[in-house]
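Observations on the three-dimensional arrangement
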There are 2 protein chains.
Amino acid sequence: MATIRDVARLADVSVATVSNVLNSVDRVSPELSARVRAAMEKLSYAPHAGARSLRKRSSGLIGLIVGDITNPFFSDLFEAVEDAAAACGYLVLLCNSNERSEREEAHLRMLRTQRIDGLILAPTGAASMNRASLLAQLEIPVVLVDRAMEGLGYDAVVLDNRRAGFEATRHLIGCGHKRIGLVNGPDVLRTAAERLAGYREALLGAGLSVDPDLIRDGAFRQQPAEQAMSELLALPQPPSAIFATNNLMTVGVMKVLADRGLACPEDISVIGIDDLPWAEAVSPQLSAVAQPVRAMGEAALDLLLRRLSGSLQGPGTTSVMAPRLHIRRSCGMPATGRPAHVG
Amino acid sequence: MATIRDVARLADVSVATVSNVLNSVDRVSPELSARVRAAMEKLSYAPHAGARSLRKRSSGLIGLIVGDITNPFFSDLFEAVEDAAAACGYLVLLCNSNERSEREEAHLRMLRTQRIDGLILAPTGAASMNRASLLAQLEIPVVLVDRAMEGLGYDAVVLDNRRAGFEATRHLIGCGHKRIGLVNGPDVLRTAAERLAGYREALLGAGLSVDPDLIRDGAFRQQPAEQAMSELLALPQPPSAIFATNNLMTVGVMKVLADRGLACPEDISVIGIDDLPWAEAVSPQLSAVAQPVRAMGEAALDLLLRRLSGSLQGPGTTSVMAPRLHIRRSCGMPATGRPAHVG
DNA sequence: GAGCTTGATTGAAACGTTACAAAAATCCTG
DNA sequence: CAGGATTTTTGTAACGTTTCAATCAAGCTC
């Protein structure tokens, strides 16, 4: 494979000149520039990123760590980040932690040896001391997405979770529901706690009471959510509507419904957080509080780029994005009395 | 950030020794090895991948180019590839071409400057001369996934598309359907052509005729599939069952059904290729011919690794994977006569 | 214990770039 | 047209590794 020397030789200039046209800096005469470009073309020259990163102390790589690339939220996020990054000449190194903190840490280490210029992190699980120190060792700008971590001074892009919880619940209340089941994430997580807060606020604001029996932990995952949903249905007074606080759990809830032949929204109403690409393709079409994923990805990259260019300085800012309620068909009036199929 | 010299100094050995323990080669005494390891720990040393790749002429990076990371098929594929790659110490550089060949080419160029060691490519669109030459310039092993390209001598991992088409169609026939609509990809693509061949074979084998009116091009995308589906429903004699040859188009088909309030499988049966994570969560639970995505990803990486290690030589082999029919609830007996809601 | 063999350790030359200072070429100005 | 001020071009020293030949130490053999 051709090196910069080969190009220089063929164009009959110095390597420094080739480097200059490569980096389109300095003033190199149009004539030489053309000769160099022709030589590069002829040799189909591609610079060596490793050598460049060695010398420049910057790699043109940015890292993105997500918990589960299979989750539409994260694949959309990647798409948005990569689109924006490519436009600025950055390449995105995607790491899938599979929600396992050991893998996340392993990835962090690999990203360090790759000398990435910046990192966008959607942290999985609880904050750990270990992770905090690994992040610090990176010595590069970090932007948190989806889940903020207090006190580390990083920039963050998050959803207005309280409002998301509030709006979903209020919509259900507006349909006439009084007993609304909540399938939530573990409340040690900020996102889950805030969504719960929104739920309570809506309930209380409408003069309804908050029944702790109706609040279940679905661990933000499908299986546990199915379990939680089953418990909810087994209650002496089951809820007439369900609010699932993320997409995986919404799927779990729907699965239980499908398994038991319960009709939605006739027997029970459902709303979720996170829109799903197929929300309009199923019957009933699913109502949901959507996160502006693309905007979040772009905002995160923008923050990162501004840190990298030095145009943004000082302590981390967290930008809070507004959720958007998509009303479709899965929420209706409460069924009168207890659904026939249950129990 | 600490370099290998710092480690050497602290451990009071030569840099060569540090390098040796780093690469766990040669015979370095346990004593020195321990001292070096301690020093690395203390300095929290991370080697510089760029420098290493410069010297070793291998980067530890492998590339994966897909058309749409948002498609569950591809995100599952990435997950499988990354899992397997991480286990061998490789990092995966994921590129999302968004089904645009210009972006694919741009990515190919970036991957070349990154000096990736190998590439797994799920080519988008038709084979292009340009791409072929870009691939050749890479001068590294390439494995094709999902869609083979003839005559370039690359390894490939593909589905047995004919059989997938055959089994889906036969299932529908087994339910009693005689007029089966096909929403297929563009038949310039091998995969689409083969799936069509399976469809014909099943029909003909059952003594049924192949009605060209029932065969539509949905371009492997959701929107065009919706259009195709609408046309199918508008036929004087609409089909009693639909076979959509990929997941996006299945979503499109279901969306049209949902929009029109048609019940599945009562009014019309549906089967698709590609299982979907939420296939069991919707009603009706969706029948589908699943691709063994994980196995395909692992097979692709395995092929690549064997090329890299030199244990596999010679012309490219293509490994054909068997589809698996998942029968659920979306296929039933044909409705008697034309569905009431249509027209 | 002298010579040999074997095994562990090391010095220094690449690898392909960029950045900086120095050199060369060009353009002014009086 | 000499001399100075600019603008282009270039030589070369890093950057952080690995590799390979060379050195050094230790263990044998007779």
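For the structure itself, look to the data block above.
Read on for a plain summary of the structure. (Residues numbered from 1 in each chain as written. Chains lettered and ligands numbered in written order. Predicted model: local features only at pLDDT ≥ 70, side-chain atom pairs only at ≥ 80, totals over all residues. Heavy atoms only, no water.)

Structural notes on the packing of aromatic side chains
Residue and element names in this part refer to chain A. On inspection of all chains with the given rule, the structure shows three aromatic pairs over all chains. Look at Phe-73 and Phe-74: their rings are 5.2 Å apart centre to centre, the planes differ by 75 degrees, and that puts the pair in the edge-to-face class. Phe-74 shares its class with Phe-73; the two are buried. (Phe/Tyr/Trp six-rings, centres within 6.5 Å; stacked < 30°, edge-to-face > 60°. Buried < 20%, exposed > 50% of the residue type's maximum accessible area, 1.4 Å probe, protein only.)

So, the packing of helix α8 (residues 161-174) of chain A against helix α9 (residues 190-205) of chain A
Residues and elements named next belong to chain A. Across the interface, α8 lies against α9 with an axial gap of 7 Å and an inter-helix angle of 40 degrees. With respect to the hand of their crossing, α8 and α9 are arranged in right-handed fashion. Every residue of α9 that contacts α8 at Asn-161, Arg-162, Gly-165, Phe-166, Thr-169, Arg-170 and Ile-173 is listed here: Thr-191, Glu-194, Arg-195, Ala-197, Gly-198, Tyr-199, Glu-201, Ala-202 and Leu-203. Split into classes, the residues belonging to the contact of α8 with α9 amount to six nonpolar, five polar and five charged. (Axes fitted to C-alpha atoms, helices over the stretch in contact; angles between N-to-C directions. Helix = DSSP H or I, 4+ residues; strand = E, 2+ residues; numbered from the N terminus. Left-handed = near helix turned anticlockwise from the far one by under 90°. Contact = heavy atoms within 4.5 Å. Nonpolar A, V, L, I, M, F, W, Y, C, P; charged D, E, K, R; others polar.)

Description of the nonpolar core
Membership of the largest hydrophobic core comes to 99 residues, with the highest contact counts inside it found for A:Val183, A:Phe243, A:Trp278, B:Val183, B:Phe243 and B:Trp278. In this structure, B:Leu64, B:Phe78, B:Val293 and B:Leu312 belong to the second largest nonpolar core, which totals 51 residues. (Core = buried A, V, L, I, M, F, W, Y, C linked by side-chain atoms within 4.5 Å.)

A word on the pattern of salt bridges
Summed over the entire model, instances satisfying the criterion amount to 40 salt bridges over all chains. A:Glu31 is the partner of A:Arg35 in a salt bridge, and the nearest nitrogen-oxygen pair spans 4.0 Å. In this pair, A:Arg35 and A:Glu31 both sit in helix α3 (residues 30-43), four residues apart, roughly one turn of the helix. For B:Glu167, the salt bridge identified is with B:Arg163, shortest N-O distance 3.0 Å. With a gap of four residues between them, B:Glu167 and B:Arg163 both fall in helix α8 (residues 161-174), about one helical turn apart. Each of A:Glu79, A:Glu82, A:Asp83, A:Arg294, A:Glu298 and B:Arg103 takes part in one network of salt bridges that share partners. (Salt bridge = Lys/Arg side-chain N within 4 Å of Asp/Glu carboxyl O.)

Examining the sheet that holds strand β11 (residues 318-321) of chain B
All names here are of chain B. The strand order across the open sheet built from six strands is β2-β1-β3-β4-β5-β11, with neighbouring strands paired in parallel fashion. On the outer flanks of this sheet lie β2 (91-96) and β11, each paired with one strand and no other. Averaged over neighbouring strand pairs, the angle between their axes works out to 15 degrees when direction is ignored. Note: strand β1 (residues 61-66) against strand β3 (residues 118-121), four bridges, orientation parallel. Bridge pairing in β3 links Gly-63 to Leu-119. (Pairing = 2+ DSSP bridges.)

Things to note about the interface of chain A and chain B
Across the contact, 53 residues belong to chain A and 52 residues belong to chain B. Taking both sides of the interface into account, the surface hidden between chain A and chain B amounts to around 4,800 Å²; carbon and sulfur atoms contribute 55%. In terms of surface lost to chain B, no three residues of chain A exceed A:Met1, A:Leu91 and A:Arg115, which account for 13% of the buried area on that side. At the boundary of chain A and chain B, one finds 23 residue pairs in polar contact (both at pLDDT 80 or more). Of all the secondary-structure elements, those providing two or more residues to the side of chain A that touches chain B are α4 (49-56), α5 (72-87), β2 (91-96), α6 (101-113), α7 (129-138) and α11 (247-260) of chain A. The leading source of residues in the side of chain A that touches chain B is α5(A), at seven residues. (Buried area = accessible area lost by both parts, 1.4 Å probe. Polar contact = N/O pair within 3.5 Å; in protein donor to acceptor, adjacent residues only side chain to side chain.)

Points about the sheet that holds strand β11 (residues 318-321) of chain A
Residues and elements named next belong to chain A. Strand order in the open sheet formed by six strands is β2-β1-β3-β4-β5-β11, and the pairing between neighbours is parallel. Taken across any chain shown, the strands that pair with only one partner, and hence form the sheet edges, are β2 and β11. Sheet twist, expressed as the mean angle between neighbouring strand axes with direction ignored, is 15 degrees. Sheet analysis places strand β3 (residues 118-121) next to strand β4 (residues 142-145), joined by three bridges and oriented parallel. Along β4, the bridge assignment pairs Leu-121 with Leu-144. Sheet strands in contact with helix α12 (residues 293-309) are β1 (61-66), β3, β4, β5 (155-159) and β11, and its direction is about 170 degrees off that of β5.

Any link to function would need more than the numbers given here.
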